[in-house]
Amino acid sequence: MDGYELCRTIKSIEGQSKIKIIAVSANAMASDIAHAKDIGFDDYITKPIDIHRFIKIFLRNLFAEL
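Residue numbers here run from 1 along each chain, matching the order of that chain's written sequence. Only residues with pLDDT of at least 70 are given local features in this predicted model, and only at 80 or more are side-chain atom pairs given and counted; all residues enter the totals for whole chains, interfaces and linings. Processing note: side-chain calculations cover all non-hydrogen atoms of the structure and skip hydrogens and water entirely.

1. Some words on the nonpolar core
At step 1: Counting residues in hydrophobic clusters, the biggest one holds seven residues: Cys7, Ile21, Ala23, Ala36, Ile39, Phe41 and Tyr44.
At step 2: Contacts of Ala23, omitting those with residues within four sequence positions, involve Phe41, Asp43, Tyr44 and Ile45. Residues enter a nonpolar core if they are buried and are Ala, Val, Leu, Ile, Met, Phe, Trp, Tyr or Cys, with the set joined through side-chain atoms within 4.5 Å. The rule is simple: take the accessible area with a 1.4 Å probe, protein chains only, and divide by the maximum for that residue type; under 20% is buried, over 50% is exposed, in between is partly exposed. In what follows, a contact means two residues having at least one pair of non-hydrogen atoms within 4.5 Å.

2. Side note on the environment of Cys7
At step 1: Relative to the helices and strands, Cys7 resides in helix H1 (residues 3–12).
At step 2: We classify Cys7 as buried; its relative accessible area is 1%.
At step 3: Residue contacts for Cys7: discarding those within four places in its chain leaves Ile21, Ile39, Gly40 and Phe41. Secondary structure counts use DSSP, requiring at least four H or I residues in a row for a helix and at least two E residues in a row for a strand, with both numbered from the N terminus.

The analysis is restricted to geometry; functional conclusions fall outside its scope.
Take a look at the structure:
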């Protein structure tokens, strides 16, 4: 199972659609990011990871429902 299939599976489980899923990938093309978001990923981080950007995205998604 790849990350796309896992994301689709989690989002399709009743009561789990609000779980935030952040993709982490070396694929940095705009089309890759758009495709991941179309699948259902809530955010996308490219490698190598910029720790400051990672923390910002993590916190934004963590507190999005509050």
